[in-house]
Amino acid sequence: MVGMNLVRTVVVLLALAGCGDGAALEATERDRAKGPDGGAEPIGTTPDGEPIVTTKTGLPCDVDAVLKPCQTCHGAQPAYGAGVPLVTWDDLQRPGPGGAGKVLDLVGQRIADDARPMPPSPNPRLTAEARATYDGWVKAGAPASDATCTGKAPEAGVKALSCTPDTVLTAKKDFVMEPGSALDQYVCFGVDVNLAKKRHITALAPKVDNAKIVHHILLFQSNTAVSGDPFPCEAFGSAAWKLVAGWAPGGDNLELPKEAGFPEEAGATHWVIQMHYNNATAKTGTDRSGYELCTTEDLRPNDAGVMALGSISFAIPPRSETTIRCDYAVDHRLNGATFFNASPHMHTRGASMTTERLPNLGRGTPEPVFEQKAFSFEAQANFPIDKKVQLGDVLRTRCGWKNPSDLTLGFGEGTNDEMCFNFIGYYPAVKELSIGVPFTWVTPATLSLCTPE
């Protein structure tokens, strides 16, 4: 298994990136109420029926409100790889590691960090007004307050599917986080689904069992069966696997448009799930997370597919900030296709990714398809899109990296290699053999023409 292999002090400084960012700062044990708000009590309900919650944390109410989005993971009991609580005045006054200031100083740094912002993607950035409120409070000496505030942290869970799941993909046995285990662990397992007739997957959602150690989840399909017992694997699994969906805290479920469904053909469908576990709180635990699927034998008009835009051929010079531009010309096989989902994927040096459509053989006005200005390897997820493409369009994908090392980096499966894939969910799916010419998920990336910018 290729781990994150980060120097301890660097990992600690990343401890405040929000849900699932490889945090290693250990929280001091203390008596706290359950839930992210540390003793919050409902005092009534809003007109919409939502509970009105009050808290008294020692923070001014405007600062408390700024930190609420962080508390989904950095709650009284940190979850999803977060290492410290960010609930009370005392939490923020604790010293940072190695004399690196107080926790409140590290929070301010991460909020302002465009490369690795807090909260991390796919969560929205804090507004300029919220950042100014927090910065102003810190500059004023971070005074305590005895105010009683209202509000609660956003729910950590994924929105419930609009359908009832009929298939659950989990490992044959629990994953066990051993004492003293590595900070970041990548674990894979396979699940075979055997069917007498074809059906369509209409929706899918992560099934999180142990939020204290689950960091993110990736769902793949494989051409061959994979062991159903959890086993260590590469940070991206295998390049032969086809990514179908990904989830990180702050992400949501994936419900396909009514025009299409992911096919499970008659016979065996080989699913693979990769779990990224984070041992930020240095505790033991077990997990049997996975994915839930809604399926139907009442087939939809189109099979949905997944393809990768980007490139498998590039070189990132040492000590550089590098961006490549890769153009893929849409041919007859994708004429009229609809894009409904984007899942960007790079590795630890990934900084940004965009895709745009240029009509008229690339001479037309660019139309945005997807943009992630601050890519985070620690927070990979699905992003809904709704775009159509046609013959003569050029799909231009840009991948940006920051490479502080002394090595030239290229494409590879390991975490210390790099990738440039924007996985696009689309329909109708191109058949593997289209007029005798193979088309697989990686075909667009292999046929793209790339140039450095």
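Coordinates for the structure precede this section.
Summary of the structure given here. If you're wondering where the values come from, they're calculated on a predicted model, not measured in any experiment. (Residues numbered from 1 in each chain as written. Predicted model: local features only at pLDDT ≥ 70, side-chain atom pairs only at ≥ 80, totals over all residues. Heavy atoms only, no water.)

**Section: the sheet that holds strand 19 (residues 320-329)**
Heads up, the rule is: Two strands are said to pair when DSSP picks up at least two bridges between them. In this text, helices come from DSSP runs of H or I with a minimum length of four residues, and strands from runs of E with a minimum of two, each type numbered from the N-terminal end. To get an axis, a line is fitted to the C-alpha atoms, and for a helix only the part in contact is used. The angle between two axes follows their N-to-C directions and goes from 0 to 180 degrees.
Taken together, the five strands give an open sheet; going across it, the order is 22-21-24-19-29, and neighbouring strands pair in antiparallel fashion. The open sheet has two edge strands with one neighbour each: strand 22 (367-372) and strand 29 (449-452). Taken pair by pair, the neighbouring strands of this sheet meet at an average axis angle of 15 degrees, ignoring direction.

**What about the pairing of strand 24 (residues 394-403)?**
Under the convention used in this document: Per-residue accessibility, obtained with a 1.4 Å probe over protein chains only, is compared with the maximum for each type, and a residue is labelled buried under 20%, exposed over 50%, and partly exposed between these values.
For strand 24, the buried fraction is high: eight of the ten residues fall into the buried class. In this structure, strand 19 lies alongside strand 24, joined through ten bridges in antiparallel fashion. Paired with Ser-320 across the strands is Asn-403, a residue of strand 24. Sheet analysis places strand 21 (residues 350-358) next to strand 24, joined by eight bridges and oriented antiparallel. Each residue of the ladder has a partner; that of Glu-356, found in strand 24, is Arg-396.

**What to know about the packing of aromatic side chains**
Here is the rule: Pairing of aromatic rings covers Phe, Tyr and Trp, the last through its six-membered ring, and needs centres within 6.5 Å; plane angles under 30 degrees mean stacked, over 60 mean edge-to-face, and all others mean tilted.
This model, assessed by the stated rule, comprises eleven aromatic pairs. Three or more aromatic residues joined by ring pairs make a cluster, and in this case those are Phe-411, Phe-421, Phe-423 and Trp-441.

**Regarding the packing of helix 4 (residues 103-112) against helix 5 (residues 128-139)**
For clarity, the cut-off: Roughly parallel covers angles under 35 degrees, roughly antiparallel covers those over 145, roughly perpendicular covers 65 to 115, and oblique covers all other angles. Handedness of a crossing follows from how the near helix is turned relative to the far one, being left-handed for an anticlockwise turn of less than a right angle and right-handed for a clockwise one. Working rule for contacts: check all heavy atoms of both residues, and any pair within 4.5 Å makes them a contact. Classification used: nonpolar for Ala, Val, Leu, Ile, Met, Phe, Trp, Tyr, Cys and Pro, charged for Asp, Glu, Lys and Arg, polar for all others including Gly.
Between helix 4 and helix 5, the shortest axis-to-axis distance is 11 Å and the interhelical angle comes to 150 degrees. One way to sum up the angle between helix 4 and helix 5 is to call them roughly antiparallel. Of the two possible hands of crossing, helix 4 and helix 5 adopt the one that is left-handed. Along the contact surface, helix 4 presents Leu-104, Asp-105, Val-107, Gly-108, Ile-111 and Ala-112, while helix 5 presents Arg-131, Tyr-134 and Val-138. Looking at side-chain class alone, the contact of helix 4 with helix 5 contains six nonpolar, one polar and two charged residues.

**Notes on the environment of Pro-452**
Inspection of the secondary structure assignment puts Pro-452 in strand 29. Residues Pro-452 and Thr-322, spaced 130 residues apart in sequence, show a C-alpha to C-alpha distance of 7.4 Å.

**Comments concerning the nonpolar core**
Under the convention used in this document: Only buried residues count toward a nonpolar core, which is a set of Ala, Val, Leu, Ile, Met, Phe, Trp, Tyr and Cys residues joined through side-chain atoms within 4.5 Å.
Grouped together as the largest cluster of nonpolar side chains are 63 residues, with contacts concentrated most on Leu-169, Leu-204, Phe-262 and Tyr-291. Broken down by element, the residue count for this core peaks at seven residues, all from strand 6 (residues 184-195). Setting aside residues up to four positions removed in sequence, Leu-169 forms contacts with Phe-189, Val-191, Val-193, Leu-219, Trp-271, Ile-273, Ser-289, Gly-290, Tyr-291 and Leu-293.

**Quick notes on the sheet that holds strand 9 (residues 231-232)**
Spatial ordering of the open sheet is given by 9-6-13-8-10, a layout of five strands whose pairing is antiparallel. Across the chains shown, the open sheet's two edge strands, defined by having one partner strand only, are strand 9 and strand 10 (242-247). Here strand 8 (residues 214-222) pairs with strand 13 (residues 267-278) via eight bridges, running antiparallel. For His-216, the partnering residue across the bridge sits in strand 13 and is His-276.

**Focus on the state of the cysteines**
Counted only if it meets this: Two cysteine sulfur atoms make up a disulfide if the distance between them is within 2.5 Å.
Overall, the coordinates contain five disulfides when judged by the stated rule. Each disulfide pairs two cysteine sulfurs, and for Cys-326 the partner residue is Cys-450, the sulfurs being separated by 2.1 Å. Residues Cys-326 and Cys-450 are joined through a disulfide that is right-handed, its torsion about the S-S bond being 115 degrees. Highlighted residues: Cys-326 in strand 19 and Cys-450 in strand 29, separated in sequence by 124 residues. Note on Cys-326: relative accessible area 1%, which makes it buried.

**Looking at the environment of Val-442**
For Val-442, the location among the structural elements is in the loop between strand 28 (437-438) and helix 6 (443-447). The sequence separation of Val-442 and Ser-311 amounts to 131 residues, and the corresponding C-alpha distance is 8.8 Å. Not counting the four nearest positions on each side in its chain, Val-442 is found in contact with Ile-312 and Phe-421.

**Let's talk about the side chain of Gln-221**
Note that Gln-221 resides in strand 8. Judged by its relative accessible area of 16%, Gln-221 falls in the buried class. Discounting residues that sit within four places of it in the chain, Gln-221 has contacts with Trp-241, Lys-242, Val-244, Pro-263, Thr-269, His-270 and Trp-271.

**A word on helix 5**
Let me state the cut-off plainly: Expected span, for any helix, means 1.5 Å times one less than how many residues it has. By arc we mean the arc of the directions from the helix axis to the C-beta atoms, nothing more.
Compared with the 16 Å implied by 1.5 Å per residue over twelve residues, the 16 Å span of helix 5 between its first and last C-alpha is a close match. Among the residues of helix 5, those classed as buried are Ala-130, Tyr-134 and Trp-137. Seen from one end, helix 5 has its buried residues packed into an arc of 65 degrees, which puts them on one side. Exposed and oriented more than 90 degrees from the buried face of helix 5 are Ala-128, Glu-129 and Lys-139.

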